[in-house]
Amino acid sequence: MNILITGASGSLGQRLIPALLAREKVNIRTLVRLNGKSSNPNQKTLNVVSKLPPRRVVHRAPVELPECESVKGRLEDLDSLMAATSGIDTVLHLAAMTH
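A brief look at the structure comes next. In this text the structure is predicted, and so the values were computed from the model without any measurement. (Residues numbered from 1 in each chain as written. Predicted model: local features only at pLDDT ≥ 70, side-chain atom pairs only at ≥ 80, totals over all residues. Heavy atoms only, no water.)

1. Remarks on helix α2 (residues 78-85)
Applied cut-off: Identification of polar contacts relies on pairs of N or O atoms within 3.5 Å, with a donor-acceptor requirement for protein atoms, meaning one able to donate a hydrogen and the other able to accept it, and with residues adjacent in sequence counted only if both atoms are side-chain atoms. Put simply, DSSP H or I for four residues or longer makes a helix, DSSP E for two residues or longer makes a strand, and each gets a number counted from the N terminus.
At the N-terminal end of α2, a side-chain oxygen is found 3.2 Å from the backbone nitrogen of Asp-79, two or three residues along, and the residue is Asp-77. Gly-87 occupies a position one or two residues after α2 and carries a positive phi of about 80°.

Here it is, written out as structure tokens:
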């Protein structure tokens, strides 16, 4: 099963991903903010071009597990959401909008 998780860097996401990987045969893709940075050189990343300007909000670092693929995008950007959900069977939406 192919799963997209939004909000993976939050409290729920950080607990859910290891639990899913331990119990299920799943492929996990995470949606990370365009301004999110990864320090893991083995992280698989799909870059999605967004028409929206970067936000100036400080957030936690994205999930950095070699078993997960990361897609950079934004919840407000339909193009990045379409790319993120390509080939996905289930979406677990844990993200929240910040203002």
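Further notes follow.
2. Some points on helix α1 (residues 11-23)
Rules: Helix span is expected to be 1.5 Å times the residue number reduced by one. Each residue is placed in one exposure class: buried if its accessible area under a 1.4 Å probe, protein chains only, is under 20% of its type's maximum, exposed if it is over 50%, and partly exposed if it falls in between. As used here, the arc is the angular range of directions from the helix axis to the C-beta atoms.
For α1, which comprises 13 residues, the first-to-last C-alpha distance of 19 Å matches the rise-based estimate of 18 Å (1.5 Å per residue) to within 8%. Turning to α1, its buried residues number three or more, namely Gly-13, Ile-17 and Leu-20. For α1, the angular spread of the buried residues around the axis is 75°, confining them to a single face. Structural note: α1 exposes Arg-15, Ala-22 and Arg-23 on the side pointing more than 90 degrees away from its buried face.

3. Notes on the nonpolar core
Going by this rule: Here, nonpolar core refers to any group of buried Ala, Val, Leu, Ile, Met, Phe, Trp, Tyr and Cys residues whose side-chain atoms link them within 4.5 Å. Between two residues, a contact is recorded if the distance between any of their heavy atoms is within 4.5 Å.
Within the largest apolar cluster, 8 residues are counted, these being Ile-3, Ile-5, Ala-8, Ile-17, Leu-20, Val-26, Ile-28 and Cys-68. Elements represented by at least two residues in this core include exactly β1 (2-6) and α1. Ignoring anything within four residues of it in the chain, the contact list for Ile-3 reads Leu-20, Val-26, Asn-27, Ile-28, Arg-29, Ile-88, Thr-90 and Leu-92. The next biggest cluster of nonpolar side chains, apart from the first, holds 5 residues, and it includes Leu-4, Leu-31, Val-71 and Ala-84.

4. Structural notes on the pairing of β1
Stated precisely, the cut-off is as follows: The criterion for strand pairing is that DSSP finds at least two bridges linking the strands in question. Here a crossover is taken to be right-handed if, once the strands point away from the viewer, the path from the first strand over the helix to the second is traced clockwise.
Of all 5 residues in β1, 4 are buried; the element is thus mostly enclosed. Two strands pair when backbone bridges link them, and β1 and strand β2 (residues 27-33) are joined in this way by 5 bridges, in the parallel orientation. Looking across to β2, one finds that Asn-2 is bridged to Asn-27. Crossover handedness for the path β1 to α1 to β2: right-handed.

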